[in-house]
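Chain by chain, the residues:
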Amino acid sequence: MHNDPRTHLAAAARDFYARGWMLGTAGNLSARRDADTFWITASGRPKDQLGVGDFVLVDLRGQVVQAPPGRKPSAEVALHEVVYRHVPDARVIFHVHSIEANLCGHFAQQGRLRLPTLEMLKGLGVPDAEPQVDLPVFANHVNVARIAEDMDRAFAQARPRVPGVLIHQHGVTAWGPDFLAARHHLELLEYCFRYLVQAKALAIGV
Ligand SMILES: CSC[C@@H](O)[C@@H](O)C(=O)COP(=O)(O)O
Ligand SMILES: [Zn+2]
């Protein structure tokens, strides 16, 4: 039970809820169980109170493999599938709704958000001295399958340079090879978002 990914996902959800990133049931988290399947949060559950009965096992085509009674996979499971299919070393995915991520969507141009040239981008795998890195920003369709199609098409052309994407007026999705790396990637992106919002408020060019 100690190494059950569901326990780690529930702990991450409590942490992110406390940071204000998963309020009102928002967001969804997943972790690969093996090459073909991953655990994902059940839809509509309070993210500060998840137990092992709040996770659904699905395969990479979105088929439910195992679900506790009355539980359905996250409505956004298709977005997790796209990431797992295209990014072989993604084993954990965190999707949260922070205020700063949503404000930053408004700073995007042509579907890309230029990240600030911060030392911390090294933690996102960008070692350049003057990093010029864009985060992909996808439109938020009511039909989640349409967002997944857009992501699938974009990832097929080029995987994002950093381990994350933004969905406009919705939230951020970050991933990593393990729980700690995925959390660090999410924290670093959220740091960039806070930086951009505050820089804008102070009218500082980044
Ligand atoms: C608070 S509504 C948010 C949802 O519409 C959705 O965007 C979300 O992140 C959570 O959906 P869920 O089906 O619980 O995984
Ligand atoms: Zn969402």
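Sequence order as written defines the numbering, with residues in each chain counted from 1. Here chains are named by letter from A upward and ligands by number from 1 upward, in the order in which they appear as written. Residue-level local features of this predicted model are given only where pLDDT is at least 70; pairs of side-chain atoms are given and counted only at 80 or more, and the full residue set underlies all totals for whole chains, interfaces and linings. To obtain the side-chain values, all non-hydrogen atoms of the structure were used and water was disregarded.

1. Quick word on the UniProt feature "domain: Class II aldolase/adducin N-terminal" (unreviewed entry) in the protein
- UniProt positions are given in the numbering used here, feature names are shortened, and annotations may be inferred rather than shown by experiment. Mapped onto this structure's residue numbering, the UniProt feature "domain: Class II aldolase/adducin N-terminal" (unreviewed entry) falls at residues 7–197.
- Put simply, DSSP marks the helices as runs of H or I at least four residues long and the strands as runs of E at least two long, and each gets a number from the N terminus on. Secondary structure across residues 7–197 comprises 32% helix and 21% strand; the distance between its end C-alpha atoms is 33 Å.

2. Concerning the sheet that holds strand 6 (residues 112–114)
- Taken together, nine strands build an open sheet; the order of strands is 4-3-2-1-5-9-8-7-6 and the sheet is mixed. Single-partner strands in this sheet number two, and they are strand 4 (64–66) and strand 6. Between one strand axis and the next, the sheet turns through 25° on average, direction left out of account.
- Residues count as neighbours in contact if any of their non-hydrogen atoms are within 4.5 Å of one another. Here the axes come from fitting lines to C-alpha atoms, over the contacting stretch only for helices, and the angles between their N-to-C directions go from 0 to 180 degrees. Against the sheet, helix 5 (residues 179–201) engages strand 1 (28–32), strand 5 (92–96), strand 6, strand 7 (134–138), strand 8 (164–167) and strand 9 (171–176), with an angle of about 145° to strand 9. Only when DSSP finds a minimum of two bridges between them are two strands counted as paired.

3. A closer look at helix 5
- Working rule for helices: expected span equals 1.5 Å times residues minus one. With 23 residues, helix 5 should cover 33 Å at 1.5 Å per step; its first-to-last C-alpha distance of 33 Å lies within 8% of that length.
- Here helix 5 has its buried residues at A181, A182, H185, L186, L188, L189, E190, C192, F193, L196, V197 and A199.
- Positive phi appears at A203, one or two residues downstream of helix 5, with a value of about 55°. Accessibility here uses a 1.4 Å probe with only protein chains present; expressed as a share of the type maximum, an area under 20% marks a residue as buried, one over 50% as exposed, and anything in between as partly exposed.

4. Here's the deal with the UniProt feature "binding site: Zn(2+)" (unreviewed entry) in the protein
- The feature "binding site: Zn(2+)" (unreviewed entry), as given by UniProt, occupies H95 and H97 in the numbering adopted here.
- Among the secondary structure elements, H95 is positioned in strand 5.
- Those residues in contact with H95 that sit more than four places away from it in its chain are M22, G27, N28, L29, E76, H80, H170, G171, V172 and T173.
- Polar contact is defined as a pair of N or O atoms within 3.5 Å, subject to the rule that within protein one atom must be able to donate a hydrogen and the other to accept it, and that residues adjacent in sequence are counted only when both atoms are side-chain atoms. Within the structure, H95 has its side chain in polar contact with the side chain of E76 (distance 3.1 Å).
- A residue is classified by how much of its surface remains accessible, and H97, at 26% relative accessible area, is partly exposed.
- When neighbours within four sequence positions are excluded, H97 is seen to be in contact with G20, W21, A26, G27, H170 and G171.

5. A few points about the coordination of the zinc ion (ligand 2)
- Every protein donor of the zinc ion (ligand 2) is listed here as E76 (OE), H95 (NE2), H97 (NE2) and H170 (NE2), and their distances to the metal cover 2.1 to 2.4 Å.
- Site description for the zinc ion (ligand 2): donor spacing in sequence, E-x18-H-x1-H-x72-H. Of this pair, E76 sits in the loop between strand 4 and helix 2 (77–86) while H97 sits in the loop between strand 5 and helix 3 (99–104); the two residues are 21 residues apart in sequence, bridging distant segments of the chain.
- The exposure class assigned to E76 is buried, which follows from its relative accessible area of 13%. Atoms of type N, O and S within 2.8 Å of a metal are treated as its donors, and for Na, K and Ca the window is 3.2 Å; water is not considered, so some sites may appear to be missing partners.

6. Looking at unusual backbone geometry
- The phi dihedral of Q110 is positive, around 50°, even though this residue is not glycine.
- Relative to the helices and strands, Q110 is located in the loop between helix 3 and strand 6.
- For Q110, a relative accessible area of 83% translates into the label exposed.
- Look at Q169: it is not a glycine, yet its phi comes out positive at around 55°.
- Mapped onto the elements, Q169 comes out in the loop between strand 8 and strand 9.

7. Thoughts on the confidence of the model for the protein
- Looking at the protein as a whole, the pLDDT averages 96, with 99% of positions reaching at least 70.
- Across the assembled chains, the prediction reports ipTM 0.98 with pTM 0.97. Residue-level confidence of the predictor is what pLDDT reports, using numbers from 0 through 100.

8. Quick look at the nonpolar core
- Grouping buried Ala, Val, Leu, Ile, Met, Phe, Trp, Tyr and Cys residues that are joined through side-chain atoms within 4.5 Å yields what is termed a nonpolar core. Among the nonpolar cores identified, the biggest contains 38 residues, and F16, F94, L113, L115 and F193 are the most heavily contacted of them.
- Going through the elements one at a time, helix 1 (5–18), strand 1, strand 3 (55–59), strand 5, helix 3, strand 7, strand 9 and helix 5 are the ones with two or more residues in this core.
- For this core, the element with the highest residue contribution is helix 5, accounting for eight residues.
- In this view, F94 contacts L9, A12, F16, N28, L29, V172, T173, A174, F179, A182, R183 and L186; residues no more than four positions away in its chain are not counted.
- Counting residues in each nonpolar core, the second largest holds 23 residues, with I40, A42, F138 and F155 among its members.

9. Some points on the pairing of strand 2 (residues 37–41)
- In terms of residue burial, strand 2 counts as a mostly covered element, since five of its five residues are buried.
- Burial along strand 2 is two-sided: T37, W39 and T41 and F38 and I40, pointing in opposite directions, are all buried.
- Two strands pair when backbone bridges link them, and strand 1 and strand 2 are joined in this way by three bridges, in the antiparallel orientation. If you follow S30 over to strand 2, its bridge partner there is I40.
- What sits between strand 1 and strand 2 in their antiparallel hairpin is a turn of four residues.
- Bridging between strand 2 and strand 3 involves five bridges; their strand directions are antiparallel. Within strand 3, the residue paired with I40 across the bridge is V56.

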